[in-house]
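Close look at the chain arrangement
Single-letter residue listing:
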Amino acid sequence: MRVYSRGVTNSGVSAAPDPVARSGLSAARLREIYRLMALARALDERAWILNRSGRVHFVISAQGHEGAEAGICAALTPGRDWLLPYYRSLAAVLAFGMTPREVMLLQFGKADDPGSGGRQMPAHYGGAAYRIFSGSSPVGTQALHAAGIALAARLRGEAQVATVMMGEGAANQGDVHEALNFAGIHHLPMVLVVENNGYAISVPAEKQVAVRDVAIRAAGYSMPGVIVDGTDVLGCYLAMRDAVARALAGDGPTLIEAKVTRLTGHSSDDQQTKYRTEDDLAAGRGRDPLPAFRDELRAAGLLDAAAEAQIAAEVRGLVDDATDFAEAAADPDPATLLRHVYAEPGVPGAAPGPPGGAPG
Amino acid sequence: MRVYSRGVTNSGVSAAPDPVARSGLSAARLREIYRLMALARALDERAWILNRSGRVHFVISAQGHEGAEAGICAALTPGRDWLLPYYRSLAAVLAFGMTPREVMLLQFGKADDPGSGGRQMPAHYGGAAYRIFSGSSPVGTQALHAAGIALAARLRGEAQVATVMMGEGAANQGDVHEALNFAGIHHLPMVLVVENNGYAISVPAEKQVAVRDVAIRAAGYSMPGVIVDGTDVLGCYLAMRDAVARALAGDGPTLIEAKVTRLTGHSSDDQQTKYRTEDDLAAGRGRDPLPAFRDELRAAGLLDAAAEAQIAAEVRGLVDDATDFAEAAADPDPATLLRHVYAEPGVPGAAPGPPGGAPG
Amino acid sequence: MAVRTFIEAIREGLRDEMRRDSTVIVLGEDVGKKGGVFFATDGLWAEFGDGRVIDTPLTESMIAGVSIGAAANGLRPVAEIQFADFIFPAMNQIIEEAARIRYRSNGTFGCPVTIRAPFGAGVHGALYHSQSVEAFFAHVPGLKVVIPSTSYDAKGLLRSAIRDPDPVIFLEHKKMYRSVRGEVPDGEYTVPLGRATVMREGSRLTLIAYGLMVHYALDAAARVAGEGIETEVVDLRTIRPLDAETVLASVRKTGKCLVVHEDNRFGGFGAEVAALVAEEAFDYLDGPVTRLAGPESPAVPYASALEDAFLITPEKIAGAIRTLAAY
Amino acid sequence: MAVRTFIEAIREGLRDEMRRDSTVIVLGEDVGKKGGVFFATDGLWAEFGDGRVIDTPLTESMIAGVSIGAAANGLRPVAEIQFADFIFPAMNQIIEEAARIRYRSNGTFGCPVTIRAPFGAGVHGALYHSQSVEAFFAHVPGLKVVIPSTSYDAKGLLRSAIRDPDPVIFLEHKKMYRSVRGEVPDGEYTVPLGRATVMREGSRLTLIAYGLMVHYALDAAARVAGEGIETEVVDLRTIRPLDAETVLASVRKTGKCLVVHEDNRFGGFGAEVAALVAEEAFDYLDGPVTRLAGPESPAVPYASALEDAFLITPEKIAGAIRTLAAY
Ligand SMILES: Cc1ncc(C[n+]2csc(CCOP(=O)(O)OP(=O)(O)O)c2C)c(N)n1
Ligand SMILES: Cc1ncc(C[n+]2csc(CCOP(=O)(O)OP(=O)(O)O)c2C)c(N)n1
Ligand SMILES: [Mg+2]
Ligand SMILES: [Mg+2]
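Each value, and the rule that gives it
Residues numbered from 1 in each chain as written. Chains lettered and ligands numbered in written order. Predicted model: local features only at pLDDT ≥ 70, side-chain atom pairs only at ≥ 80, totals over all residues. Heavy atoms only, no water. Donors = N, O, S within 2.8 Å, 3.2 Å for Na, K, Ca; no water. Helix = DSSP H or I, 4+ residues; strand = E, 2+ residues; numbered from the N terminus. Buried < 20%, exposed > 50% of the residue type's maximum accessible area, 1.4 Å probe, protein only. Least-squares fit on C-alpha atoms with pLDDT ≥ 70 in both. Contact = heavy atoms within 4.5 Å. Near = heavy atom within 4 Å. Polar contact = N/O pair within 3.5 Å; in protein donor to acceptor, adjacent residues only side chain to side chain. Areas by Shrake-Rupley, 256 points an atom, 1.4 Å probe, with all protein chains shown as cover. Pairing = 2+ DSSP bridges. Axes fitted to C-alpha atoms, helices over the stretch in contact; angles between N-to-C directions. Nonpolar A, V, L, I, M, F, W, Y, C, P; charged D, E, K, R; others polar. Disulfide = S-S within 2.5 Å. Buried area = accessible area lost by both parts, 1.4 Å probe. Salt bridge = Lys/Arg side-chain N within 4 Å of Asp/Glu carboxyl O. Phe/Tyr/Trp six-rings, centres within 6.5 Å; stacked < 30°, edge-to-face > 60°. Lys NZ or Arg CZ within 6 Å of the ring centre and 35° of its normal. Core = buried A, V, L, I, M, F, W, Y, C linked by side-chain atoms within 4.5 Å. Expected span 1.5 Å × (residues − 1).

**Focus on the coordination of the magnesium ion (ligand 3)**
All names here are of chain A.
- Those protein atoms acting as donors to the magnesium ion (ligand 3) are Glu168 (OE), Glu168 (OE), Asn197 (OD1) and Tyr199 (O), and they sit at 2.1 to 2.7 Å.
- Mapping the donors of the magnesium ion (ligand 3) onto the primary sequence yields the spacing E-x28-N-x1-Y. Taken together, the residues span a long stretch of sequence, with Glu168 in the loop between strand S3 (162–167) and helix H7 (174–186) and Asn197 in the loop between strand S4 (190–196) and strand S5 (199–200) at a distance of 29 residues.
- A residue is classified by how much of its surface remains accessible, and Glu168, at 1% relative accessible area, is buried.

Set out below in structure tokens:
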């Protein structure tokens, strides 16, 4: 099992603390990653406000997970690669191109929500235009879809990586085992990202996972298992960069476990003080990736007060705009209740993959 | 991962080649184990003859698996421990007390078949009196039942080990992953025995399991993974003796992978020459545990020609008797078709575990 | 008698059975400290501890399969599936294993497992927190399927389910958890499985329902009563085994039958009731056996406008009553 | 036209579609070198290779789930579940995923997956190699369920299923594989999904069946014809979507309806047909809608004496026809 942590590069030697040198990413790109995290956080916080003021029914939060997701997605190529997100993948779907307005349309359940037209619960992302595969609620199922997507890419000889995200609780589902086994057998271009926040709703990791590190399971499927610190955004990026290279080289899948923290209750219906101690919660707050990454950029002189303020303003503007836009948008027409149960003439309803490609 | 192989004892030091010294089992007990294997083989061979002569519809064979099962069961305590067998567990169910007559009643589908009254296909063992839990055909499900049985034993504070057997193909099922995870979390007294014969019907191990050794997966559930050579009966015994000790000490489950060979087609409906090469088949025949163990006992002077002949005669007698008895036995009464769909007054229908025990 | 919400009645039923019988255990996701996402098991962990109230991994097949094994070894597990929508990973264990163990073992092994699950829509649960799943299980010999509609029945039926020697799927319409309340005796009582009950007598037509729909049916029946339509409302309570006698007796009296459920209509449980009535009460019928059920949508959409369009309401039921009564 | 057994027709259908469309792949347990346990895929691996004919691990949820993903990325997978009895581990993927993807994505993702599975009893398959599973899937909006009864239909319907943009469960009664033969055109043809067909015209009653039961029904109809009972036999061919028009037109003509299937009766697919007829053809009925179906046993037992007691036979059907005709 490999561990990517601060001060350790990809090749194992001690690294300069400079983020640009460590990651090979430009200062502008690093600021972009920070901006993405800040945007995800702001959208998420707004959703809670909307919920507490009775304007949306339900929120399920990405707070604490943004660092891992932003780092990981920085190694992917939207348009080429596939994302199979879960309900905490807000930063990832933004990285894949989903707009704040689109996120809010889903949050409000509006007709123009691009993934489901207001049919899905908030945070159940999907977007054919972005190669974000539509997800369900039953956890873990999407691991198999990722394997299938990767299989199709491989059969056509197309360079595509299927990245699937889920919690450590979900990773115990039989489907995930079966997906890793299949991907391992066929050396599929797939990466499983397990965002281990230590809880499945109220159940602590010790009661849901028989091991401390889910990544150890990778060995059981002939693939590398990698542990990354979810507050170390660039560590996440580096781990994923290697996984993507491996996938594209035909060497097969990788399992990346990001140790993250869940800063909120499981969802707007959950009161986490019932089952978590104040110490535990405080420790979690200490592992917030957003200030960690901000400080990292600041310390390296990559983010000054002006840039920070500009990003903050921009983000606020985007969130305000998205909220207003989505709140004012039209509700789905009840007459559409029975549309798209089956294919309708004239509606393609196919994924963006080349439908007529010639495999084999 | 630990490997038990000839010349290596439990404690890791080089062993005397003497089976008694190596295993700590008496000469008489070793001959008993050999007799069990020979009996299983003879019953199995008879079933094929019955099938080829049109007297039974179906055979699924244990040939090649007897050594692993006999060795493993020698470390268990029938009456105390539970067995969750699969269709190649003929030697195991005999070790747990099932009689040749009972095996043949199941083979013929007769009313007095103790496990199912002729309802189940041959080799779908069950026997409440022997703590052999009734099995189904969908593979792998019984791993979860074993975990449940172990959980109940633990809750009552009773010393019981639940041993579950299956092929390496079945081990890929989601249920097995979920069972190992649960057993690992709760340190349950359970042993999973994977009998790896290299094929799931026609599918070779490389296409069904992403790793060479299923045992490596044990690490993913915080339990020891052990590899044993299924032709090394005493190696299997020693591995299981450790696993049982661990289970009874409250240290949790073990995964034992026995490398075995399937000497026959998958079942009487399968023609394995269609998908296996002659070399492969010959290699398999070279790994027959029955002559291997016989030669081991012979070489150690524990089995002479007279003893061998006596066992052979005894086994033949038992198989003849069982066949005649079962063939002549009554068919199920069609009027019983709808019995036991639900509990019937006066029929206990409970497992032999103390039903009123006071856990917690 | 105390007044209890539906969820309180269930919680008390669990607690009382755990006190009465030390072999009863509770397992499922978040059933421990949190007390379940709907608080059905609140307080049980504090009273009975880790050994008998088990927070499981997020693996439904495991929840069902471990329950089966534990039952084989002397326990009486009560498993919670967090939402009925998430019971599908456990289908193999429930249908192939739990339902068939007694049969396949010729009565030598039993499977006294109760599986509780909240089902049903109307709480903005969207596609995967709103489903009705009763039809899948009602079809399976070897299972019993219970769907209570009152606090009294919830507790009494749950106790019967836990004591039953066979696997019981116990479905609780989640919209009733806090909205339904009723009297529940303080002491020991049970309600037998397999018996329907007539909730309102009437002569003009028979309305068959279960769960939340019973309340809507009673509401609708009250509305149309003013128009002179006297509706008999039968609450099935257990849908497998079905109390055919009570159903048929009512339809033979009224001559008309309307079956209502929230699940989609095609191949839904209402089809069985309708088919039974059409075959066994044919000579008494003076109108077509009619079904009012959810639309043929794969699930309930999130947006209120769509969810409302999906749902059965007392108004829709009243409309169906009027149409059938006028036949 | 060549004469083909049922299984040969299926094999040819697979082969022809794979030749026609390079996105069609076949996956399942033992579908490669072995050619499937019933040889439905025999020869495909030799012709199309490892890439398009995939021997999978022994994991049904994976088979369905990977098919769904592959379909999302441009392939048209045809998955084989070795026996329908083993489809339950894949229920979550089929019902929660395949059936709901188009709906939940508001039409932006589709799921062109065909899942083939041999089902049915009568071959000493016992509890776990004999089951009928159609009722579970027929209930699910978003799925299509096809059950052919002739070689011609098997090939033509399979081609339609593979070309269909939505998930299709394609069930093949295994007792027909070698016992049924019939003419199959050499060239390109398809049989549309969702259309029933009248296999025998008659005036006295309508018998609705599918799969193997169609043959038994025709046999029974021939027997009772000598007694002057003219039975119309309708082969549903697709049970979801159901061709209600053809069913109702027939029953409106004959006034009596008998539904036959091998699956157990309670909550079985026959209930839907009976309920439809009871509601939509009420005014035309001059006898109770009747179901003849498998007994309420959790599965088919192994011993011949028990299996025979379980099975529907032409004699039993003839008996049911006589009873209903005499009503
Ligand atoms: C199959 C299934 N069972 C239960 C649930 C209910 N549920 C939703 S999220 C969740 C916990 C998930 O925990 P984890 O996978 O660790 O992800 P996290 O929320 O911690 O990021 C549960 C039990 C579900 N969605 N799917
Ligand atoms: C869930 C399920 N799917 C498919 C089958 C059909 N089947 C029976 S045995 C078998 C192969 C099993 O291989 P393995 O587990 O390696 O055991 P072996 O027969 O080699 O001992 C298959 C595919 C089944 N019994 N259960
Ligand atoms: Mg978590
Ligand atoms: Mg094998």
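**Structural notes on the relation of the copies chain C and chain D**
- Least-squares fitting of chain C to chain D yields an RMSD of 0.0 Å, with the transformation described by 0.0 Å of translation along the axis and a rotation of 180°. Viewed as a symmetry operation, the transformation between the two copies matches a two-fold axis.
- The overlap is high: 100% of the interface residues of chain C also sit at the interface in chain D, so the same surface is used on both sides.

**Describing the coordination of the magnesium ion (ligand 4)**
All names here are of chain B.
- Surrounding the magnesium ion (ligand 4) are the protein donor atoms Glu168 (OE), Glu168 (OE), Asn197 (OD1) and Tyr199 (O), which sit 2.1 to 2.8 Å from the metal.
- In the primary sequence, the donor residues of the magnesium ion (ligand 4) line up as E-x28-N-x1-Y. Pair noted here: Glu168 is in the loop between strand S3 (162–167) and helix H7 (174–186) and Tyr199 is in strand S5 (residues 199–200), with a separation of 31 residues, a long-range link. In terms of burial, Glu168 and Tyr199 fall into one category: buried.

**Concerning the site of ligand 2**
- Near ligand 2, the surroundings consist of 22 residues, among which B:Tyr86, B:Tyr87, B:Arg88, B:Tyr199 and D:Glu60 are the closest.
- Residues close to ligand 2 are split across chains B and D.
- Between an oxygen atom of ligand 2 and a side-chain N or O atom of B:Tyr86, the distance comes to 2.6 Å.
- Taking B:Ala170, its main chain carries an N or O atom lying 2.8 Å from an oxygen atom of ligand 2.
- Protein chains bury 97% of the 590 Å² of accessible surface belonging to ligand 2 in isolation.

**A closer look at the sheet that holds strand S11 (residues 231–235) of chain D**
Residue and element names in this part refer to chain D.
- Taken together, five strands build an open sheet; the order of strands is S9-S11-S10-S13-S14 and the sheet is mixed. At either margin of the open sheet sits one strand with a lone partner, and together these are strand S9 (197–200) and strand S14 (290–294). Averaged over all pairs of adjacent strands, the angle between their axes in this sheet comes to 25°, without regard to strand direction.
- In this structure, strand S10 (residues 205–209) lies alongside S11, joined through five bridges in parallel fashion. Bridged to Ala209 within S11 is Asp235.

**Points about the site of ligand 1**
- Neighbouring ligand 1 are 22 residues, the closest being A:Tyr86, A:Tyr87, A:Arg88, A:Tyr199 and C:Glu60.
- Between ligand 1 and the protein, one listed contact pairs a nitrogen atom with a backbone N or O atom of A:Val139 at 3.1 Å.
- One nitrogen or oxygen atom from the main chain of A:Ala170 is found 2.8 Å from an oxygen atom belonging to ligand 1.
- Taken together, the residues of the shell around ligand 1 break down into 10 nonpolar, eight polar and four charged.

**Concerning the state of the cysteines**
- Per the counting criterion, the structure on display carries zero disulfides over all chains.
- Between A:Cys73, a cysteine without a disulfide, and A:Cys236, which holds the nearest cysteine sulfur, the sulfur-to-sulfur distance is 10 Å.

**Description of the interface of chain C and chain D**
- Across the contact, 53 residues belong to chain C and 53 residues belong to chain D.
- Broken down residue by residue, the surface that chain C buries against chain D is led by C:His139, C:Phe266 and C:Pro298, which jointly contribute 17%.
- Taken together, the connections running from chain C to chain D amount to six salt bridges.
- As a salt-bridge pair, C:Arg240 and D:Glu296 come within 2.8 Å of each other at their nearest N and O atoms.
- The interface formed by chain C and chain D contains 33 residue pairs in polar contact (both at pLDDT 80 or more).
- Only helix H4 (91–97), helix H5 (101–104), helix H6 (134–138), strand S12 (238–240), strand S13 (257–264), helix H11 (269–280) and strand S14 (290–294) of chain C provide two or more residues apiece to the side of chain C that touches chain D.

**Some thoughts on the packing of aromatic side chains**
- Inspection of every chain in the model, using the stated rule, returns 24 aromatic pairs over all chains.
- Taking 5.4 Å as the distance between ring centres and 65° as the angle between the ring planes, the aromatic pair formed by C:Phe38 and C:Phe83 counts as edge-to-face. On the criterion of sequence distance, the pair formed by C:Phe38 in the loop between strand S2 (24–28) and helix H2 (44–52) and C:Phe83 in the loop between strand S4 (76–80) and H4 is long-range, its members being 45 residues apart.
- Taking relative accessible area as the criterion, C:Phe83 reaches 12% and is therefore assigned buried.
- Through successive ring pairs, a cluster of aromatic residues spans C:Phe6, C:Phe38, C:Phe83, C:Phe86 and C:Tyr177.
- Geometry around D:Tyr103 places A:Arg119 over its ring, the cationic atom sitting 3.8 Å from the centre.

**A word on the nonpolar core**
- If you look at the biggest cluster of nonpolar residues, it comprises 496 residues, and the most contacted ones within it are C:Phe137, C:Leu236, C:Val277, D:Phe137, D:Leu207, D:Leu236 and D:Val277.
- Sequence-distant contacts of C:Phe137, defined by excluding residues within four places in its chain, comprise C:Ile87, C:Met91, C:Ile94, C:Leu143, C:Val145, C:Ile169 and C:Arg240.

**A word on the environment of A:Tyr342**
- Here A:Tyr342 shows up in the segment after helix H12 (305–328).
- Setting aside anything within four residues of it in sequence, one finds A:Tyr342 in contact with D:Arg102, D:Val140, D:Pro141, D:Gly142, D:Leu143, D:Lys144, D:Asp166 and D:Arg240.
- Within polar-contact distance, the side chain of A:Tyr342 engages the backbone nitrogen of D:Gly142 at 3.1 Å.
- Within the local environment of A:Tyr342, its side chain forms a polar contact with the backbone oxygen of D:Leu143, the two atoms lying 2.5 Å apart.

**What about helix H6 (residues 142–156) of chain B?**
All names here are of chain B.
- Given a rise of 1.5 Å per residue, 15 residues ought to cover 21 Å, and the 21 Å separating the end C-alpha atoms of H6 matches this to within 8%.
- In terms of residue burial, H6 counts as a mostly covered element, since 14 of its 15 residues are buried.
- Where H6 terminates, the next one or two residues include Gly157, which has phi positive at roughly 70°.

**Some words on the sheet that holds strand S1 (residues 2–4) of chain A**
All names here are of chain A.
- Overall, parallel pairing links the six strands, which are arranged S1-S7-S8-S4-S3-S2 in an open sheet. In this open sheet, the two strands that pair with only one neighbour each are S1 and strand S2 (82–84). Each strand of the sheet is rotated relative to its neighbour by a mean of 20°, with strand direction disregarded.
- Pairing geometry for S1 and strand S7 (residues 225–229), over three bridges, is parallel. Within the sheet, the bridge partner assigned to Tyr4 lies in S7 and is Val228.
- Sheet strands touched by helix H3 (residues 66–73): S3, S4 and strand S8 (254–259). Its angle to S3, the strand with the most contacts, is close to 170°.

**With respect to the environment of D:Arg20**
All names here are of chain D.
- Locating Arg20 in the fold gives a position in helix H1 (residues 6–20).
- For Arg20, a relative accessible area of 44% gives the class partly exposed.
- The sequence separation of Arg20 and Leu127 amounts to 107 residues, and the corresponding C-alpha distance is 38 Å.
- A distance of 3.1 Å separates the side chain of Arg20 from the side chain of Glu17, its partner in a polar contact.

**Side note on the interface of chain C and chain A**
- Taken together, the contact pairs 35 residues of chain C with 37 residues of chain A.
- Both sides of the chain C and chain A interface together cover about 2800 Å² of buried area, and 66% of this is carbon and sulfur.
- Connecting chain C to chain A are three salt bridges.
- Across the pair A:Asp270 and C:Lys34 runs a salt bridge, and its minimum N-O distance is 2.4 Å.
- Across the chain C-chain A interface, the total number found is 10 residue pairs in polar contact (both at pLDDT 80 or more).
- Looking at the side of chain C that touches chain A, the elements that each hand over two or more residues are H2 and helix H12 (304–310) of chain C.
- The element contributing the most residues to the side of chain C that touches chain A is H12(C), with five residues.
- For the side of chain C that touches chain A, the class distribution of residues is 19 nonpolar, eight polar and eight charged.

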